[in-house]
Amino acid sequence: MEIFSWWAGDEGPALEALIDIYKAQNPDVELINATVTGGSGVNAKAVLKTRMLGGEPPDSFQVHAGQELIGTWVKADRMEDLTPLFKEQGWMDSFPKGLIKNIGTDKGIWSVPVNIHRSNVVWYIPANIEKWGIKVPTSWDEFFAIAPKLQEKGVVPLALAQNWTANHLWESVALASLGADNWDALWAGKLAFDSPEGVKAWELFGKVLEYANKDASSLSWQQATDMVVDGRAAFNVMGDWAAGYMSTTKKMAPGTDFGWAASFGTSGEFMFLADSFGLPKGAKNRDNALAWLKVLGSREGSDAFNPLKGSTSARLDSDLSLYNDYGKSAAADLGKDRIVGSLAHGVTANEGFMNDFASVMEMFLKSRNAQMAGKATQQIAAKNGIGK
Ligand code: GAL
């Protein structure tokens with residue numbers, strides 16, 4: 001039975017915990033853990049596409065809840081309906097209704113969620129913040145006020161990595177600029193990307209980029225986190241897999257060795273994404289894959305995976321005593337914050353849009369032309385049926 005994901009290397013330990021449970025329950029199955037490295041699946045998704053279109057699907061693969069699943073693979077009729085599995089396992093009440101909407105259509109439920117990650121988080125090292133005599137900003141204006149002071153000390157104000165992390169930063173900046181209602185309106189087709197509000201978000205993003213490291217495009221997301229950890233940079237906006245990396249791989253203690261806050265200007269807002277696994281039509285080892293999905297959806301699986309991953313459980317009944325202080329605080333925020341979907345990780349837009357958006361981003365990184373980026377985004381939104 002072959003599973004397919006981008007969780008290799010530093011991203012591997014949480015997946016290994018699930019594999020251990022599967023192996024204990026299914027000792028006779030040979031599990032092939034196929035991975036293609038590259039944050040946010042930039043490389044894995046391209047390989048997956050080739051395999052799916054070539055009629056060689058893995059038995060189960062990682063896919064984000066939301067439009068990456070629904071607007072891509074479900075739309076292309078490549079997935080099996082998992083409603084019978086959900087009913088059999090009693091999962092209809094185990095997951096929040098809102099999340100089931102992100103993995104379902106009126107025709108079925110199409111994947112099993114393993115977590116809830118938060119996208120809009122800024123990471124820092126408390127001891128360094130104190131050493132530099134600054135406060136953690138709560139808005140981008142406060143950040144702009146302290147950023148030059150950091151630069152004078154030879155500290156990069158904001159660590160950035162390869163281009164997908166620019167998309168990642170963009171969504172947090174755009175959320176701060178637009179607010180949650182207008183963010184939602186963009187994806188519902190009710191606010192144009194080239195409206196004054198849409199263009200303003202690109203302008204703010206351009207200003208933010210002025211305080212990022214110039215070698216960003218050659219770095220992995222972990223290397224951008226490392227810049228913060230080593231004190232070369234002050235802040236990094238990254239999803240909470242960074243908490244997993246710092247606590248699981250780097251053995252740092254949340255709260256003391258590393259700190260976090262909602263990315264500037266987004267306090268009270270929780271930009272979510274969820275990793276999930278589905279069952280493609282034509283899977284060669286269907287029964288073994290169903291057994292895999294059972295592990296993923298179980299309370300035991302979820303509470304083995306998420307404390308290592310930095311995410312919170314997608315289930316409503318998780319055992320919070322197993323989670324560290326970051327995990328507990330994320331779970332608390334999830335319960336009280338305004339929830340919005342992530343673009344960079346599959347919730348709000350399909351793969352067609354995401355591929356085109358990568359080109360828009362590349363163009364913006366070179367030109368820094370907000371008007372043009374707003375217009376181009378509106379064009380690709382129309383082309384890829386956003387809000388339809
Ligand atoms: C996200 C994924 C996370 C993490 C991250 C970095 O898209 O949902 O689980 O793997 O990419 O690669």
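Residues numbered from 1 in each chain as written. Predicted model: local features only at pLDDT ≥ 70, side-chain atom pairs only at ≥ 80, totals over all residues. Heavy atoms only, no water.

Draft legend 1. View of the sheet that holds strand β10 (residues 233-237). Reading across from one edge, β9-β10-β8-β11 is the order of the four strands in this open sheet, with mixed pairing throughout. In this open sheet, the two edge strands, each paired with only one partner strand, are β9 (156-158) and β11 (259-262). Between one strand and the next, the sheet's axes are offset by a mean angle of 25°, whatever the strand orientation. In this structure, strand β8 (residues 121-124) lies alongside β11, joined through four bridges in antiparallel fashion. Within the sheet, the bridge partner assigned to tyrosine 124 lies in β11 and is glycine 259. (Pairing = 2+ DSSP bridges. Helix = DSSP H or I, 4+ residues; strand = E, 2+ residues; numbered from the N terminus. Axes fitted to C-alpha atoms, helices over the stretch in contact; angles between N-to-C directions.)

Draft legend 2. Examining the site of the ligand more closely. Taken together, 13 residues are adjacent to the ligand, and Glu11, His64, Asp275, Lys309 and His345 come closest. With respect to the ligand, the side chain of histidine 64 contributes an N or O atom lying 2.8 Å from an oxygen atom. Contacts to the ligand include histidine 345, whose side-chain N or O atom sits 2.7 Å from an oxygen atom. In isolation the ligand has 300 Å² of accessible area, and contact with the protein removes 100% of it. Class assignment of the residues belonging to the shell around the ligand gives a composition of five nonpolar, five polar and three charged. Residue assignment places the shell around the ligand across two domains, with domain 1 (2-117 + 273-334) and domain 2 (121-270 + 344-383) each supplying three or more. (Near = heavy atom within 4 Å. Polar contact = N/O pair within 3.5 Å; in protein donor to acceptor, adjacent residues only side chain to side chain. Areas by Shrake-Rupley, 256 points an atom, 1.4 Å probe, with all protein chains shown as cover. Nonpolar A, V, L, I, M, F, W, Y, C, P; charged D, E, K, R; others polar. Domains from an automatic or database assignment.)

Draft legend 3. The arrangement of the sheet that holds strand β14 (residues 338-341) in detail. Here we have three strands laid out as an open sheet, ordered β7-β12-β14, and mixed in their pairing. The two strands at the open ends of the sheet, each matched to only one other strand, are β7 (117-118) and β14. Pairing between β7 and strand β12 (residues 269-273): two bridges, direction antiparallel. Residue histidine 117 lies in a different strand from β12, and its bridge partner there is leucine 273. Of the strands in this sheet, β12 and β14 are in contact with helix α9 (residues 180-187), which crosses β14 at around 30°. (Contact = heavy atoms within 4.5 Å.)

Draft legend 4. Structural detail: the nonpolar core. Counting residues in hydrophobic clusters, the biggest one holds 77 residues, and the most contacted among them are Trp123, Trp292 and Leu293. Examining the composition of this core, we find that seven residues originate from one element, helix α13 (residues 286-297), more than from any other. Shared between two domains, this core holds at least three residues of each, these being domain 1 (2-117 + 273-334) and domain 2 (121-270 + 344-383). Not counting residues up to four positions away in its chain, the partners in contact with leucine 293 are Ser60, Leu82, Leu85, Trp91, Val112, Phe277, Gly278 and Leu279. Counting 58 residues, the second-largest nonpolar core is a separate cluster that includes Trp132, Phe144, Phe235 and Met271. (Core = buried A, V, L, I, M, F, W, Y, C linked by side-chain atoms within 4.5 Å. Buried < 20%, exposed > 50% of the residue type's maximum accessible area, 1.4 Å probe, protein only.)

Draft legend 5. Spotlight on the domain arrangement of the protein. You can read the domains of the protein as domain 1 (2-117 + 273-334) and domain 2 (121-270 + 344-383). Centre-to-centre, using C-alpha coordinates, domain 1 lies 26 Å away from domain 2. In this complex, domain 1 contributes 30 residues to the contact, which on the side of domain 2 involves 24 residues. The junction of domain 1 with domain 2 conceals about 2300 Å² of combined surface from both sides, 60% of it contributed by carbon and sulfur atoms. Among the residues domain 1 hides against domain 2, the three largest losses belong to Asp10, Leu273 and Tyr326. Together they make up 25% of the total. Linking domain 1 with domain 2 are one salt bridge, by the criterion used here. Here glutamate 351 makes a salt bridge to lysine 45, at a shortest N to O gap of 3.5 Å. For the pair domain 1 and domain 2, the number of links is 12 residue pairs in polar contact (both at pLDDT 80 or more). Going through the elements one at a time, α3 (67-74), α14 (299-309) and α15 (325-336) are the ones with two or more residues in the side of domain 1 that touches domain 2. By residue number, the principal contributor to the side of domain 1 that touches domain 2 is α15, which donates six residues. (Buried area = accessible area lost by both parts, 1.4 Å probe. Salt bridge = Lys/Arg side-chain N within 4 Å of Asp/Glu carboxyl O.)

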